[in-house]
Amino acid sequence: LHEGYIPWAIPELLEDDPRFHDDQVMMHRTMQLQTWYKHECPEVQLGKILSQPFKKRLKSFSKSQPFHDLGKKIYVLKVELSPRHTSTKEILVDRMEDPTLVWRLLSCHGDTNLNSFHDQILAPAMGWRRNFHAYRFTVPTNGASVFPEDTTAMDKMHLTFSNPMYNMDTADYDVRHFIRKVGDRLMYTYDMGDNWNHIITVLAIEDMGTTLRGCDMEQLDTQVHQAIPKKQWVLQGSSLLWGEVNCPPENSEGCDDLGEYGSILRKGRYYEVPDAEKIINWKDHDIQYAFDFDLEAHRERVNAANAGKQNTREGVLTFAKDPSSLGLEDSSSVVSPSMAGNVDCIYGAPTDGKQVKKIDIDSRSSEVVRRKTVTSLKCNCCGRVKGSNSGLNLNKCSRCKKVYYCGKECQRKDWKNHKEICFAG
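Residues numbered from 1 in each chain as written. Predicted model: local features only at pLDDT ≥ 70, side-chain atom pairs only at ≥ 80, totals over all residues. Heavy atoms only, no water.

Asker: Just checking my understanding: could you explain helix 12 (residues 295-307) for this structure?
Answerer: Side chains of residues three or four places apart in an α-helix project in the same direction, reflecting 3.6 residues per turn. End to end, helix 12 covers 18 Å across 13 residues, agreeing with the expected 18 Å (1.5 Å per residue, within 8%). The secondary structure elements touched by the buried residues of helix 12 are strand 2 (103-109), helix 6 (114-126), strand 9 (232-234), strand 10 (239-244) and helix 11 (280-283). Two or three places before Glu296, at the opening of helix 12, Asp294 has a side-chain oxygen 3.2 Å from that residue's backbone nitrogen. (Helix = DSSP H or I, 4+ residues; strand = E, 2+ residues; numbered from the N terminus. Expected span 1.5 Å × (residues − 1). Contact = heavy atoms within 4.5 Å. Polar contact = N/O pair within 3.5 Å; in protein donor to acceptor, adjacent residues only side chain to side chain.)

Structure below.
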């Protein structure tokens, strides 16, 4: 389905099936299964069975030299929002023939954990709000579904109720587990309610420091080549290289229906989406027009996300009708929207020594955030980040004690740049 895969090869209901849109049928079916099976429905049981051979192959591959080598490589990826969301055609198959309008060209380390891949690279590069909706990766060759097991995102219910299945945990896998060579693809779905489907394609796998030229893309991707024929970059780690068109509004705000971004795009370059200032992933960056894509602003988002620590998935954004019901210990710190004036947000009592609950007055939403921006430790040469790149151990420079390296090889490579600062220190 969609881009040519079915999760775990388990057939789904087609749109012309009378049960497809019948919530009552799904609810009664779930209730019935609760009496038939003590813990798991048939889809989950079957998914577990189908996953075992694949898990064994992944475990075996993770012990191999190619797996180790890929961890040191820089991946160049094209991330496309599926044309099914941007086309205005009625038939899904016809939509897939339309050109891609929303896409990004980015780079990342091969050993980037999938949770960090979403939170620190994909979400900020596309323009999705971090720490909000759930996400899923799907392997197109066998339908393997990989989902964050510990997420508390509110849209998780869509995955567990309407389409129950077995999921492998994103915390256990890296980018290199599933995409290993040029041409490999991985599906990325953001928001389990709106189901924004993305296609991730490997365009190049290079050593760090390699110069990537737009002209080299001619045989790999015509769209990328036409957009950046004379551009070039030195690959240094996780970064946004290029992109076109803003991503859709969160919660499909302004769209005719869920996942129907084409209803906005067809109205032209200068169509101003109603109440754009209230769209949660647009308002913070003053986005008013879908086609008015600010590359530098998106790059800053990616850089900021990579400079700090990965979000905890327990602190996701939540909403409430009454600000006083958002769980603050000190109710006197809650300001009603009518009295808030120009205050954008307030902070309540800390949830622990390092985190605090942030209240957005306008949207009446709250999330658990860090008291201050925490910079992650990273290798001073390759830029791999502690906590984001699997199996990364960092050690201080023994002379200056100010910078970190992931190994002697990176320390030797960086010595030419670091030695003046090191001796001065």
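Asker: Help me out: how do you make sense of the nonpolar core in this one?
Answerer: As a rule of thumb, nonpolar side chains are buried together in soluble globular proteins. Core analysis: the biggest nonpolar cluster contains 88 residues, and Leu105, Phe117, Phe137, Met168, Phe178 and Tyr261 have the highest contact counts within it. The leading source of residues in this core is helix 6, at seven residues. If we skip the residues at most four places from it in the chain, Phe117 touches Leu77, Cys108, Thr112, Leu122, Phe137, Val175 and Ile200. Counting residues in each nonpolar core, the second largest holds six residues, with Ala134, Phe147, Ala153 and Met192 among its members. (Core = buried A, V, L, I, M, F, W, Y, C linked by side-chain atoms within 4.5 Å. Buried < 20%, exposed > 50% of the residue type's maximum accessible area, 1.4 Å probe, protein only.)

Asker: What exactly am I supposed to notice about the pairing of strand 3 (residues 135-138) here?
Answerer: Across a regular strand the side chains alternate sides, sitting on one face of the sheet and then on the other. In strand 3, alternate side chains face the same way, and those of Tyr135 and Phe137 on one face and Arg136 and Thr138 on the other are all buried. One ladder, built from four bridges, connects strand 3 with strand 6 (residues 185-190); its direction is antiparallel. Considered in strand 6, the bridge of Phe137 is made with Tyr188. With antiparallel pairing between neighbouring strands as the criterion, strand 3 and strand 4 (residues 145-147) make up a hairpin whose turn holds six residues, including Gly143 at a positive phi of roughly 75 degrees. (Pairing = 2+ DSSP bridges.)

Asker: Help me out: how do you make sense of unusual backbone geometry in this one?
Answerer: Both trends apply: most residues other than glycine have a negative phi, and most peptide bonds are in trans. Even without being glycine, Ser252 reaches a positive phi, approximately 55 degrees. Of note, Ser252 is situated in the loop between strand 10 and helix 10 (262-265). The backbone of Asp286 sits at a positive phi, close to 55 degrees, despite the residue not being glycine. Among the residues examined, Asp286 registers a relative accessible area of 69% and is labelled exposed.

Asker: What is the right way to read the pattern of salt bridges from this model?
Answerer: Any two side chains of opposite charge can pair, on the condition that their charged atoms come close. Going through the model one piece at a time under the given rule, you end up with eleven salt bridges. Among the ionic pairs, Asp111 bridges to Arg384, the shortest N-O distance being 2.3 Å. A residue pair is termed long-range when its members are at least 10 positions apart, and Asp111 in the loop between strand 2 and helix 6 and Arg384 in the loop between strand 14 (365-370) and strand 15 (395-396) qualify at 273 residues. With respect to class, Asp111 is no different from Arg384; both count as buried. Between Asp184 and Lys181 there is a salt bridge, and its shortest N-O distance comes to 3.0 Å. One network of salt bridges, in which partners are shared, links Lys78, Glu80 and Asp221. (Salt bridge = Lys/Arg side-chain N within 4 Å of Asp/Glu carboxyl O.)

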